[in-house]
Structure formats: C-alpha cells, structure tokens
Amino acid sequence: MAGVSKFLTSSGQSRRLVVILHSYNGTTSSVRDVSRTIRGCFADHAESVEDPFAEADVLIPAMPAGLLSFACVEDITTQIISEVTAAWDKNGGYEDVVFIGHSLGGLIARHAYIVACGDHDRAPRPEEDGRDEEQNETSLRHGRKKPLDWADKVSRIVLLAGMNRGWRLSHHLSITTALMWVPGVILIQFLQLFGLTPLIAQIRKGAPFITNLRLQWLWMRQWAREPGDYPGAALTIQLLGSVDDMVSPEDNIDLVAGSDFVYLDVPFSGHANVIEMGTSAGGGRPVPDAAPDGPQTMGEARRAVLAKALTWSRERLRDVEIIPSDEMPFDQDNSVTDVVFVIHGIRDKGYWTHKVARRVVELAKREKRKARVATETSSYGYFPIAEFLRPAGRRGKVEWLMDQYGEAVARYPNASFSYIGHSNGTYLLAKALASYPLCRFENVVFAGSVVSRRFDWSARPDQVKRLLNIRATADWVVAFFPKAFQDLRLQDIGSAGHNGFTPGQHIVVAQPICRGAHGAALVEQNWDAIATFALLGRTPKIPDSIDGKNLSPVAAGSKTLVHVVGSVAPLVWIILAVGACAIGWWIWSLPYAEWLRTVLLATYVWLLVKLAHVA
C-alpha cells in the first residue's frame, strides 16, 4: 500500500510549492523533519511576514515504493506529475516550485522534471491534466511535447543522498549491509527469470530507467541552453552524506549527467539518516567537538546544509561546494564527429578491438578528412560460456555497455555513433536496443553474432540505420550453443552468426560469409572492410582470401558438418547432458567405500563446473 499523500497548505495563498519525495521503503512520515525544516527555512529568509514567499505549500506524495513493491518507476513519475498538476490548478499556479527527493525520490524528482519539460520517453502525461490540444501536440522542435505549465517555475531540485547512477553491490558497503543485500540480489535475479521486476531492480546501476534518465537529462540540459526559452535549467543541488555506506561515492556523484550539479557535504550523515533533522532519534545526537557558535546537534547540522541548498544563490553555493579530487568532471569535446564502439565477445579479453579501432581512425584520415573520430574499446573482462548462458550474467554486461554509452554521449555531444561487435558484443547491442529506447547507432557491424535470427530490426528504424552481419562457414560456437536455445525458445540468444537474420529487413543491408570459425571475420585482412562499413556505411567486399564462397573440399566438409549438427543442436545438448549424467552414475556405482565414491563424485562435479567457467 502506498498510503495517503499529504498536502500541507500555508495560512495564506503561498506563491511557492515544495514537493518532497521519500525514499525506497520510506513513507510520507519519514520525511516529516524535512517538511518542518522547509517551512521554517523560508520564513527565516523572507523579507517580511507579508512576503508571499515566506511560507510554502508542501506536497508529500505517497509513492508505492515499499520493500516488496513491483510498481513501474515510470508509472510513479506519472503519479507525481498528476499530483503536482492538481496542486498547481487548485492554487491557481505558483511563482516557484521546488523538488526535494531522498534517495529514490531524487531519481523520481529528476524524471518528473524531464517529463514536465517536454521529454517523456515512457512516462505519458496525465490524460486529465486539463491542457488543450495545442498544449499536448508534438512540438516540431526536437520532436518534444510542449512543457507543462509549471515546468519553467521549477527553480531548484535538491537531492538528499541521491543515487544518481543507481545502486550496486560494491566494496563500499559495510559487512552488515552487504550480508543483507546479497540475498535480496539473488531473489531479484530469480524473480526476473519469470519476468517479474521489483521496483528496487529498476533503479540498479545500468538498468534501463537509470541510463535513459541520464541520457534524457543530458539532452534536456542541452536544449535548455539553446535559443527558444526552453525550460530544463533548474539549479540542482545534491547533499552528500559524509558516511554513506549504502551507495558508493562514484554512484552518488554522476559527473556525466550531473556535471552542473552543486555538491554539498552533510556532516555526520549516512544514506538513511540524512533526513533526520529533528531533535528525536539520530537528529538529537550531539555534534562531536561542536564549535560554540555552530550547530550543536546532528539534526541542526543537517538543517543548516538544507537551508543553504534552498535559499542560497547559485554563485554563493558554488563558492562552498565540494567535489572529491578524484571525481572531477571531464571536459566535453564538441569537435568529435564520429564515435565508434568496438566491443569483444565471450572467451576473449578484447585485444583485437584496439587494432580494429586504429584501422577506423586511419580510414577516417584517408576518406573523411573533415571528420574527427573517437573510439571506445573498453573491455568488460573475460566472459566464459557458462556466464554467457546465464541471463543475469549477460544483463550485467548490457548495463555495463550502456554506462559506457552514456559517458560517451556526454563527452561527445555532437557525434554520430557506430558499433562493431563480435560474439557477445553483438548480443549486448541488440539487448540494449530492445531495452533502452534512447540508444542510437548509425552503422552496425556484427561478426559471429549470437543474436536470435528472429530479432526484429525493422521495428527499430530510429535506433539503427544500417547493419552488416558477417557470418562464418564453420562457426560451431554459434551453431551448437546459442542456436540450441533459439530452437527451444528458452532465451533471447540465437544463431544470426551462423545462418543469418530473417530475410526481408531493410536495415540488414548485407550478410556476407567468411571462411572459418567463430572469429573468422576478425582476421587482419578484413579490418578494412569492417572499418569501411562502420565509418562510411558503405557495403564492403569480403577479401577473396577469406570469402566463404571460395571453399576447399576440407572447408566445404567442415561447413556441411557444422550445418548438419547445428540443425539438431538441441539434441547435441541432450546427448551431452545424458553422457555427463551417465559418467556420474558410473562413478557412484564403482565398488568402493561410500565415502570414497562421494569424494570422487564431488570431484567430478567440481571439474564439470570448473570446465564450464573456463571454457
């Protein structure tokens, strides 16, 4: 149950509305100290008691964010927008709107602001918002809907212990917190196998909501700086707990999407108690070695920082903000015109990616003289087959990829993006396109693809313009493993690197075939062909030395064998499983003592598991 929202009105007609959004597993009561601080804060800084800004109406929506919530985070945003709009209409508008969000509430506050400013990827406007047709029609500029009435009145957004990049298990967690979180993470992964996604999983680092939010925020800020008086430039202040042991520092501070945030430290505060600003509970504890003229309790210290965030000017806040020295923002490079991702696959540390990237840069100097090219060749490490076959393992790498993509978009705001992927690198992009609607690439090269051949490219004309899918004549890795799951319809992997994508999709411009196994397309003589398509979008000719149309009798026989065995790939897996079980049964049937048979069987199982993780 979400509870009942609270709307605290002032004694007169206030010209300021403050919206307070509680945390995950929080309630409207958990932010009562914040509410009390706000109402006193503005009164203390008003010019007179008659000042219409001396008081504030406070809206505290009750969000369905309980411990076991399965609410959709975009639906929560829609709820918040509806309640803010209702408060706005009831009061006849406000001159100032302020959002304050604690933890999850900070993410929701930023998303609601994006939607209100006109960008609404998956969070539709309320149908009953009373706007006329012109106000709801699609804006010609940027393809965005027109802002809601209150969007340009949002002056600042205050984030209390924000988790701007989401949460994750990390070494920053205390032992107690980690022991509490690990079972929860296991439960989340189990539920997701059945298509159930708890609210807490939707705000994990790299999750679609988090990455899309970061990208939407970047673009909103860019549009707000352009001529046309577009909203989206609200001052955003993040209050950082000095002892936050639930969200790591690099996830608290997002210097990609939040490069223009003001960061303030809150002394003696953690992720949960940063909102304890009263005299009870943690707020009443004395400040160690407090200065005579300074805050005497921890609650007072927290109130003082929040008062600065709410009332000080941008310039004054900049003078006192603190950013850790190892977390300085990087500079944007507006001169880069093209960014090419080169991402490796399974059982591969990705050394070849740097070589292909260099070939792309060389081609740009020859063919595209006015272009400035940047390449992204980051590695997600060695990825064995056993991990690849685990959905949660693949999902983690997709989230890693989108984290890299978000940073590249921020660093190179004027660039077009293209992609070269091999093996699992192809899956990462396909899954990203399906899960992250704001992901965009011009030219895509797949080699040794493990994407399902039924993947619907025609449904994504705005995300990918051209795709070159290079297959191999004897790709037994794809033919035996992903194809088996594709035929059984068990997972979202498949055999596009073996027998190609379904014909008739105009985005797939060519599906040439190379002679060789899983890495056949990555040989040096093919680097020019790969670079040509990725950078220029021109369909290349596969070099004669590796063209799959020119096969020796031995290569032709290998191709036939792979195709025959691949056609019964599920049967191959069944035979292997039966064989492994038969060996285990034979070990258990040996005429030895029971303890010795147990040791032998345990060793056999350990060897199988070890082999699966090494393969």
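Before reading on, note that the structure itself is shown above.
Below is a summary of the structure that appears in this document. Given the structure is predicted, the values throughout are model-derived calculations rather than measurements. (Residues numbered from 1 in each chain as written. Predicted model: local features only at pLDDT ≥ 70, side-chain atom pairs only at ≥ 80, totals over all residues. Heavy atoms only, no water.)

**Points about the packing of helix α6 (residues 208–224) against helix α12 (residues 391–411)**
The relative placement of two packed helices comes down to the angle between their axes together with the axis-to-axis distance. Contact geometry for α6 and α12: axes closest at 10 Å, N-to-C directions at 5°. Taken as axis vectors, α6 and α12 run roughly parallel relative to one another. Contact with α6, carried on its side by Thr211, Arg214, Leu215, Leu218 and Trp219, involves Met402, Asp403, Tyr405, Gly406, Glu407, Val409 and Ala410 of α12 and no other residues of that element. Class assignment for the residues of the contact of α6 with α12 results in seven nonpolar, two polar and three charged. (Axes fitted to C-alpha atoms, helices over the stretch in contact; angles between N-to-C directions. Helix = DSSP H or I, 4+ residues; strand = E, 2+ residues; numbered from the N terminus. Parallel < 35°, antiparallel > 145°, perpendicular 65-115°, else oblique. Contact = heavy atoms within 4.5 Å. Nonpolar A, V, L, I, M, F, W, Y, C, P; charged D, E, K, R; others polar.)

**Examining the packing of aromatic side chains**
On inspection of all chains with the given rule, the structure shows 23 aromatic pairs. Look at Tyr113 and Trp217: their rings are 6.2 Å apart centre to centre, the planes differ by 55°, and that puts the pair in the tilted class. Note that Tyr113 is positioned in helix α3 (residues 104–116) and Trp217 in helix α6, a separation of 104 residues in sequence. The class of Tyr113 is buried, set by a relative accessible area of 1%. On the basis of relative accessibility, which here comes to 0%, the residue Trp217 falls in the buried class. (Phe/Tyr/Trp six-rings, centres within 6.5 Å; stacked < 30°, edge-to-face > 60°. Buried < 20%, exposed > 50% of the residue type's maximum accessible area, 1.4 Å probe, protein only.)

**As for the pattern of salt bridges**
With the rule as written, the count across this model stands at 21 salt bridges. Glu407 is the partner of Arg165 in a salt bridge, and the nearest nitrogen-oxygen pair spans 3.2 Å. Linking Arg165 in the loop between β5 (154–160) and α5 (175–192) with Glu407 in helix α12, this pair joins segments that are 242 residues apart in sequence. Overall, Arg165 belongs to the buried group, its relative accessible area being 11%. The exposure class assigned to Glu407 is partly exposed, which follows from its relative accessible area of 23%. The salt bridge partner of Glu321 is Arg318, with a shortest N-O separation of 2.9 Å. A single network of salt bridges, built from pairs that share partners, joins Arg165, Arg214, Asp403 and Glu407. (Salt bridge = Lys/Arg side-chain N within 4 Å of Asp/Glu carboxyl O.)

**Thoughts on α5**
The end-to-end C-alpha separation of α5 is 26 Å, in line with the 26 Å expected for 18 residues at 1.5 Å each. Residues of α5 that are buried sit in contact with α12. (Expected span 1.5 Å × (residues − 1).)

**Structural notes on the side chain of Arg597**
Examined against the element boundaries, Arg597 turns out to sit in helix α20 (residues 594–614). One buried charge, Arg597, has no salt-bridge partner; the nearest side chain with opposite charge is Glu594, at 4.7 Å. Side-chain polar atoms of Arg597 contact the backbone oxygen of Trp588, separated by 2.8 Å. Contacts of Arg597, omitting those with residues within four sequence positions, involve Ile587, Trp588, Leu590 and Tyr592. (Lys, Arg positive; Asp, Glu negative; His and termini not counted. Polar contact = N/O pair within 3.5 Å; in protein donor to acceptor, adjacent residues only side chain to side chain.)

**Considerations on the packing of α3 against α6**
Remark: α3 packs on α6, axes separated minimally by 10 Å, with the N-to-C direction vectors making an angle of 50°. In terms of their interaxial angle, α3 and α6 are classed as oblique. Between α3 and α6 lies a crossing of left-handed hand. Here α3 contributes Leu107, Arg110, His111, Tyr113 and Ile114 to the contact with α6, which in turn contributes Phe209, Ile210, Leu213, Gln216, Trp217 and Met220. Of the residues contributing to the contact of α3 with α6, the split by class is eight nonpolar, two polar and one charged. (Left-handed = near helix turned anticlockwise from the far one by under 90°.)

**Brief notes about the sheet that holds strand β6 (residues 235–241)**
Pairing between the strands of a sheet comes from backbone hydrogen bonds, and it takes one of two forms, parallel or antiparallel. If you trace the seven strands from one edge of the open sheet to the other, you get β1-β3-β2-β4-β5-β6-β7, paired in mixed fashion. Every other strand in the sheet has two partners, leaving β1 (6–8) and β7 (262–266) as the edge strands with one partner each. Across the sheet, the axes of successive neighbouring strands diverge by a mean angle of 15°, strand direction being ignored. Pairing geometry for β5 and β6, over five bridges, is parallel. Bridged to Arg156 within β6 is Leu235. Strands β4 (96–102), β5, β6 and β7 of the sheet are contacted by helix α8 (residues 298–311), whose axis makes an angle of about 155° with β5. (Pairing = 2+ DSSP bridges.)

**What to know about the environment of Phe7**
Mapped onto the elements of the fold, Phe7 is located in strand β1. Judged by relative accessible area, Phe7 falls into the partly exposed class, the value being 27%. Separated by 80 residues in sequence, Phe7 and Ala87 have C-alpha atoms that sit 8.3 Å apart. Setting aside residues up to four positions removed in sequence, Phe7 forms contacts with Leu17, Asp57, Val58, Leu59, Ala87, Lys90 and Tyr94.

**Observations regarding empty space enclosed by the protein**
The gaps left among the atoms become clear once a water-sized probe is rolled over them. One pass over the structure, following the stated rule, counts two cavities of 30 Å³ or more. One number sums up the size of the second largest cavity: a volume of about 30 Å³. Around the second largest cavity, the lining residues are Ile346, Ile385, Phe388, Val450, Val477, Phe481 and Pro482. Of the residues that constitute the lining of the second largest cavity, the class distribution is seven nonpolar, no polar and no charged. (1 Å grid on protein atoms, 1.4 Å probe; cavity = no way out; pocket = protein on both sides within 12 Å on 5 of 7 lines; lining within 4 Å. Points joined across faces, edges and corners; volume = space filled by probe spheres on them.)

**Points about helix α13 (residues 424–435)**
Spanning 12 residues, α13 covers 16 Å between terminal C-alpha atoms, matching the ideal 16 Å at 1.5 Å per step. Among the residues of α13, those classed as buried are Asn424, Gly425, Thr426, Tyr427, Leu428, Leu429, Ala430, Ala432 and Leu433.

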